[in-house]
2 protein chains.
Amino acid sequence: MATSTAAQRRAAAKTEYDAYLADCPARQLLERIGDKWVSLLVNALADGPLRYGELSRRLAGISQKMLTQTLRALERDGLLTRSVTPAVPVQVEYALTPLGAGLLPLLGAVVDWAERNMPEVLAARDRYDGDTNAV
Amino acid sequence: MATSTAAQRRAAAKTEYDAYLADCPARQLLERIGDKWVSLLVNALADGPLRYGELSRRLAGISQKMLTQTLRALERDGLLTRSVTPAVPVQVEYALTPLGAGLLPLLGAVVDWAERNMPEVLAARDRYDGDTNAV
DNA sequence: CGGCATCCGTCTCGATACTG
DNA sequence: CAGTATCGAGACGGATGCCG
């Protein structure tokens, strides 16, 4: 007899839902490109391969930790490649794969939408914030 | 002279960068739709307005807190509207605005890309993970 | 040069309990 | 029914120091 059937049902529903979430490829993709640095990194590489240090300078505010972490994640997902040139100072170059380059149109669409509609969003935001403590 | 010029320059660069980030409309948009619940919420409302409870059931795993919080954020941004019908049990309905509905194509594009390319991403991921502790 | 390991603050998120 | 308030856990991200 159900000491806590409600809680169990909650748990079951959650598991079910989490599974659905995990399965959903769109969610995974959104989580990737929604990441703070991913989109910037991909954009930085849009014009061609860059070395670690170049990326570091290009994305000014990023910490080495996040840079490495993000690069690894993208490499893992096959969105970019990492090639090491064994020289005296080691040389590492990152380049977009065709798969990764395929993200550029998506990002472009977002930029496009944003440029056209963000002003309206910002206006709505101001209106909302203004009403809160107006009069 | 300069006790910690390097650190200061770092800070300056970061501030500059953060400002750039904050200004970038695409980033703001990505942060919104990259949110765990936003895309699901928008999708849930794609077919028409829903009430709070209906949304709560529809998105099974979400807590009231996150539901309310996400709804408020989207309302603030003018992506959906909140209409209260003063009845005996209060009735609140949420509906996408045209602006919010404009997100659907974007989301659709993501879903599309994901469905076509996620298998490859997943394959790359397996390969990468496999190599780590292979042989 | 190109990392990796560690520590630590912040901030998000979820569970719970209570209200009109 | 539709929230609000509070609290604690945990993920996330940054700074630092060391290594090949």
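Criteria and cut-off values
- Residues numbered from 1 in each chain as written.
- Chains lettered and ligands numbered in written order.
- Predicted model: local features only at pLDDT ≥ 70, side-chain atom pairs only at ≥ 80, totals over all residues.
- Heavy atoms only, no water.
- Pairing = 2+ DSSP bridges.
- Helix = DSSP H or I, 4+ residues; strand = E, 2+ residues; numbered from the N terminus.
- Contact = heavy atoms within 4.5 Å.
- Axes fitted to C-alpha atoms, helices over the stretch in contact; angles between N-to-C directions.
- Near = heavy atom within 4 Å.
- Polar contact = N/O pair within 3.5 Å; in protein donor to acceptor, adjacent residues only side chain to side chain.
- Nonpolar A, V, L, I, M, F, W, Y, C, P; charged D, E, K, R; others polar.
- UniProt positions renumbered as here; feature names shortened; annotations may be inferred.
- Core = buried A, V, L, I, M, F, W, Y, C linked by side-chain atoms within 4.5 Å.
- Buried < 20%, exposed > 50% of the residue type's maximum accessible area, 1.4 Å probe, protein only.
- Buried area = accessible area lost by both parts, 1.4 Å probe.
- Salt bridge = Lys/Arg side-chain N within 4 Å of Asp/Glu carboxyl O.

## Focus on the sheet that holds strand 1 (residues 50-51) of chain B
Residue and element names in this part refer to chain B. Strand order in the open sheet formed by three strands is 1-3-2, and the pairing between neighbours is antiparallel. Each of the sheet's edge strands pairs with one partner strand only, and the pair in question is strand 1 and strand 2 (80-85). Contacts between helix 5 (residues 64-76) and the sheet are confined to strand 2 and strand 3 (91-96), with strand 2 contributing the most and set at about 110° to the helix.

## Observations concerning the protein's contact with DNA strand D
The environment of DNA strand D is made up of 17 residues, and the closest members are Lys65 and Met66 of chain A together with Gly53, Arg82 and Tyr94 of chain B. Each atom of DNA strand D within 4 Å of the protein was classed as base or backbone; sugar and phosphate made up 72%. Within the side chain of Arg72 of chain B, a nitrogen or oxygen atom sits 3.1 Å from a phosphate oxygen of DNA strand D. When its residues are assigned to classes, the surface near DNA strand D shows six nonpolar, five polar and six charged.

## Focus on the UniProt feature "domain: HTH hxlR-type" (unreviewed entry) in chain A
Taking the numbering used here, the UniProt-annotated feature "domain: HTH hxlR-type" (unreviewed entry) corresponds to residues 24-122 of chain A. Secondary structure across residues 24-122 of chain A divides into 61% helix and 14% strand, with the first and last C-alpha atoms of the span separated by 30 Å.

## What about the nonpolar core?
Among the nonpolar cores identified, the biggest contains 69 residues, and Leu55, Leu59 and Trp113 of chain A together with Leu29, Leu55, Leu59 and Trp113 of chain B are the most heavily contacted of them. Other than its neighbours up to four places away in sequence, Leu29 of chain B contacts Val110, Trp113, Ala114 and Met118 of chain A together with Leu103 of chain B.

## Some words on the environment of Pro98 of chain B
Tracing the backbone through its elements, the reader meets Pro98 of chain B in helix 6 (residues 98-101). Taking the C-alpha atoms as reference points, Pro98 of chain B and Ala124 of chain B, separated by 26 residues in sequence, lie 38 Å from one another.

## Some thoughts on the interface of chain B and chain A
Between chain B and chain A, the contact holds 45 residues from the first and 44 residues from the second. For the pairing of chain B and chain A, the buried interface totals around 4100 Å² over both sides, and the portion due to carbon and sulfur atoms is 71%. Seen at the junction of chain B and chain A, the total is four salt bridges. Taking the shortest distance from any N to any O, the salt bridge between Arg125 of chain A and Asp77 of chain B comes out at 2.7 Å. Across the contact surface, chain B and chain A share 12 residue pairs in polar contact (both at pLDDT 80 or more).

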